Structure formats: C-alpha cells, structure tokens
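Residues per chain are reported as follows:
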Amino acid sequence: MDRDRRRLAGALLIACGTAAAGGWWPVWRAARAEQATAEALPIARVIVQGADGEAGFNVEIASTPETRTRGLQHRRSLAAGAGMLFLFGKTQPVAMWMKDTYIPLDMLFIAADGRIVAIAENTQPQSLALIRAPEAVAAVLELNAGTARQQDIAVGDHVVFAATRRFSQ
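To keep things clear, this report deals only with the structure shown in the data block. All values derive from a computational prediction rather than experimental measurement. (Residues numbered from 1 in each chain as written. Predicted model: local features only at pLDDT ≥ 70, side-chain atom pairs only at ≥ 80, totals over all residues. Heavy atoms only, no water.)

**Some thoughts on the sheet that holds strand S5 (residues 105–110)**
- The strand order across the open sheet built from seven strands is S6-S5-S8-S3-S2-S1-S9, with neighbouring strands paired in mixed fashion. Only two strands of the sheet have a single neighbouring strand rather than two, namely strand S6 (116–120) and strand S9 (158–161). Strand-to-strand twist of the sheet, defined as the mean angle between neighbouring strand axes without regard to direction, takes the value 30°.
- Pairing between strand S1 (residues 43–50) and S9: four bridges, direction antiparallel. Among the inter-strand pairings, Ile47 is bridged to a residue of S9, identified as Val160. (Pairing = 2+ DSSP bridges. Helix = DSSP H or I, 4+ residues; strand = E, 2+ residues; numbered from the N terminus. Axes fitted to C-alpha atoms, helices over the stretch in contact; angles between N-to-C directions.)

Below you can see the structure in the form of structure tokens.
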C-alpha cells in the first residue's frame, strides 16, 4: 500500500513538474487549434462515382481563403468516411502542402466538371513540399490516406457535390 502511494505521489510530482516547465502548454494549444479548426465549417455529402460504383463522404467545406488556408492543420485524426472539400470558386492552378497537418491524406484534384484529374496518395504529414495539380482545378477533396485505393477511386471518376457536377460559378 505504501509503495502504491509513493508511486502515485511520484507520478503527481512528475506531472506537476512537466506542467510547470511548459510541457502541457503545447498539448493544450494543439487541442484548442484542432477545436477551432473543426468549428463553424459547413458539412456536406460528396459522392465519388467510378466505374466500380460509388463512395460517399461527409466533408467539411473550406470555401473562404481563411478556411482553405487552415484546412486540416493541427488535427490529430479524421473520422473514417470524413474529409474536407476545398472549393476555389473558379478553375485555377492549385498547389497544396501539409504544413502543420499531422494526418497523412489522399488529395483528389477535381476539375470544374467534377472529373478527378489527379490523385496524390498518402501525402507526408508536416511536409512543406508543394503538391500541385497537373492542370487548373476547381476543388480538392482531402480524405484519410489509403481511402482512394480502398474505395477504388481513380483519375477520371466523377465527384458529385450538392446534386451537381459543377464546382465553378
């Protein structure tokens, strides 16, 4: 019994010392950043239609410069069947990166007609390397790494969002 109390007291001293030395602050700050990122983004259903069937995802919509810049940064997880859809409002050259993003992702680059023109699979977390679309696109769909392969999503498949195949205005 005394040994258990000493272990508990030792663990409490270590935890207090770590907190006093600033050890808990980065963890708390990251949790707050993740919470702020998840707040206030609209959710929509996106369907990827391919030769072998359909795959559906519930995605957050990043349609403003601020939400597109923030993206999935600071998140530690992404639910299965979830993702983020970046809408640019017009077809344009697009380059993405993984700065402050801790989740490996698949990025689907989508033309204005809803056609997937490229897929960047299993992107490297926290990388500053630019991931470019091979042509101008109107949207990018980010999903958990491995999803494209698991769901047989391929270049040429179509993404349907809000009952339309059009992503540009």
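Read on for the rest.
**Concerning the pattern of salt bridges**
- Counted by the stated rule, this structure contains five salt bridges.
- Salt-bridge contacts for Glu135 lead to Arg115; the nearest nitrogen and oxygen are separated by 4.0 Å. In this pair, Glu135 is assigned in the loop between strand S7 (131–132) and strand S8 (137–144) and Arg115 in the loop between S5 and S6, connecting sequence segments 20 residues apart.
- Of the residues examined, Arg115 reaches a relative accessible area of 31% and is grouped as partly exposed.
- One salt bridge connects Glu121 with Arg149, and the closest N-O pair in it is separated by 3.4 Å. Here Arg149 lies in helix H4 (residues 147–150) and Glu121 lies in the loop between S6 and S7, a separation of 28 residues in the sequence.
- For Glu121, a relative accessible area of 39% puts it in the partly exposed group.
- For Arg149, a relative accessible area of 62% puts it in the exposed group.
- Linked by salt bridges that have partners in common, Asp113, Arg115 and Glu135 make up one network. (Salt bridge = Lys/Arg side-chain N within 4 Å of Asp/Glu carboxyl O. Buried < 20%, exposed > 50% of the residue type's maximum accessible area, 1.4 Å probe, protein only.)

**Digging into the side chain of Asp106**
- Examined against the element boundaries, Asp106 turns out to sit in strand S5.
- Salt bridges are absent for the buried Asp106, whose nearest opposite-charge side chain, Arg149, sits at 7.3 Å.
- In terms of polar contacts, Asp106 uses its side chain to reach the backbone amide nitrogen of Asn122, at 2.8 Å.
- A polar atom in the side chain of Asp106 sits 2.9 Å from the backbone nitrogen of Ala148.
- Excluding its chain neighbours within four sequence positions, the residues that come into contact with Asp106 are Ala120, Glu121, Asn122, Leu141, Glu142, Leu143, Asn144, Ala145, Gly146, Thr147, Ala148 and Arg149. (Lys, Arg positive; Asp, Glu negative; His and termini not counted. Polar contact = N/O pair within 3.5 Å; in protein donor to acceptor, adjacent residues only side chain to side chain. Contact = heavy atoms within 4.5 Å.)

**Regarding the packing of aromatic side chains**
- In the structure shown here, the tally under the stated rule is zero aromatic pairs.
- Directly above the ring of Tyr102 sits Arg76, whose terminal nitrogen or CZ lies 3.8 Å from the centroid. (Phe/Tyr/Trp six-rings, centres within 6.5 Å; stacked < 30°, edge-to-face > 60°. Lys NZ or Arg CZ within 6 Å of the ring centre and 35° of its normal.)

**A few points about a nonpolar patch on the surface**
- A surface patch of nonpolar side chains, about 320 Å² in accessible area, is lined by Trp97, Leu128 and Leu130.
- Following the sequence through the fold, Leu128 ends up in the loop between S6 and S7.
- Residue classification places Leu128 among the exposed positions, given a relative accessible area of 54%. (Patch = residues over 30% accessible without salt bridge, like charges linked within 9 Å, V, L, I, M, F, W, Y side chains within 5 Å. Areas by Shrake-Rupley, 256 points an atom, 1.4 Å probe, with all protein chains shown as cover.)

**Describing unusual backbone geometry**
- Phi at His74 is positive, roughly 70°, even though this residue is not glycine.
- Taking the relative accessible area as the measure of exposure, His74 reaches 23% and is therefore partly exposed.

**Some words on the environment of Val46**
- Mapped onto the elements, Val46 comes out in strand S1.
- Judged by its relative accessible area of 0%, Val46 falls in the buried class.
- Counting along the chain gives 14 residues from Val46 to Glu60, while the straight-line C-alpha distance between them is 9.9 Å.
- The residues contacting Val46, other than those within four sequence positions of it, are Ala55, Gly56, Phe57, Val59, Leu85, Leu141, Val159, Val160 and Phe161.

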